[in-house]
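Geometric and topological summary
If you want the building blocks of each chain, they are given just below.
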Amino acid sequence: MADNEISARLCEVLEKIKNAEKKTGRKEGSVRLLAVSKFHPAESVVAAYEAGQKFFGENRVQEAVEKFSVLEEKFPDINLHMIGTLQTNKVRHAVDVASCIESVDRISLIEEIEKQCAKKNKHVKIYFELHTGEESKAGFADMQELEQALVFCAEGNAPHVVPRGFMTMAPFTNDVGLIRKSFVTLREAAEKLREKFVQFDLSELSMGMSNDFEIAIEEGSTEVRIGTAIFGERK
Ligand SMILES: *Cc1c(COP(=O)(O)O)cnc(C)c1O
């Protein structure tokens, strides 16, 4: 896609986010846009960056490293979040390029992030992914499992890992009721867990994609992950 088209579509998405914030009485700027650049070339990321976008999302480590190790040298304020299911043996490379891993779905993954971050003497933010109805089984299966992971962090087992919030994917459907239910499940889980784990700042709720982000904002999202609406269809 041409650079000016990416910048125009980015503007459009930002405008829609602003309107959704207004409509639901949210403060302007309370929802962050994560531009999901997976399958799109580094040039597309640069086009969005030059139009003002700072936060990007990728879901495969190898692709993320190829693009962002170079981009981060050039643009020190660019910020990458990993949003896809993460294999343990990829963590070492993931923490080189990502400031945040949103797809944390098991304690063994937290252990590996800790191990790799400790070696590199760095901190990485994480969101806990909860399965709330999407077809794939991504995320912690339920609240109990997710809570165990928070207990693991609260016991001081992962000092280089910084819990910051929660993430989910709604089911891929036109049924607005089902999509909303998924977002409400995450918000209610977050509300309960924030009360239990006051030592952490668990303020982030990453939910909403190109086709459902306005519903997600109505339900309290603080971060929407949008690819297609900015960069076009993935090949
Ligand atoms: C690809 C992806 C997105 C973006 O999806 P679009 O429909 O292109 O906006 C968001 N979240 C995750 C976890 C993804 O894998």
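Our subject is the structure listed above.
Because the structure is a prediction, the values reported are computed rather than measured. (Residues numbered from 1 in each chain as written. Predicted model: local features only at pLDDT ≥ 70, side-chain atom pairs only at ≥ 80, totals over all residues. Heavy atoms only, no water.)

So, on to the site of the ligand. Close to the ligand lie V36, K38, N59, I83, M169, M209, S210, R225, I226, G227, T228 and R234, which account for all nearby residues. S210 places a polar side-chain atom, nitrogen or oxygen, 2.5 Å from an oxygen atom of the ligand. At a separation of 2.9 Å, a nitrogen atom of the ligand approaches a polar side-chain atom of R225. Starting from 390 Å² of accessible surface for the ligand in isolation, the protein chains cover 92%. (Near = heavy atom within 4 Å. Polar contact = N/O pair within 3.5 Å; in protein donor to acceptor, adjacent residues only side chain to side chain. Areas by Shrake-Rupley, 256 points an atom, 1.4 Å probe, with all protein chains shown as cover.)

Attention now moves to the nonpolar core. Ranked by internal contacts, the top residues of the largest apolar core, which has 67 residues, are F56, I110, I113, F128 and F166. Among the elements that line this core, the one with the most residues is helix α7 (residues 176–196), at six residues. Every residue in contact with I110, bar those within four places of it in the chain, is listed here: V104, I126, F128, A149, F152, C153, A158 and V161. Judged by nonpolar contacts, the second largest core, of six residues, contains L34, I83, C100 and M167. (Core = buried A, V, L, I, M, F, W, Y, C linked by side-chain atoms within 4.5 Å. Buried < 20%, exposed > 50% of the residue type's maximum accessible area, 1.4 Å probe, protein only. Helix = DSSP H or I, 4+ residues; strand = E, 2+ residues; numbered from the N terminus. Contact = heavy atoms within 4.5 Å.)

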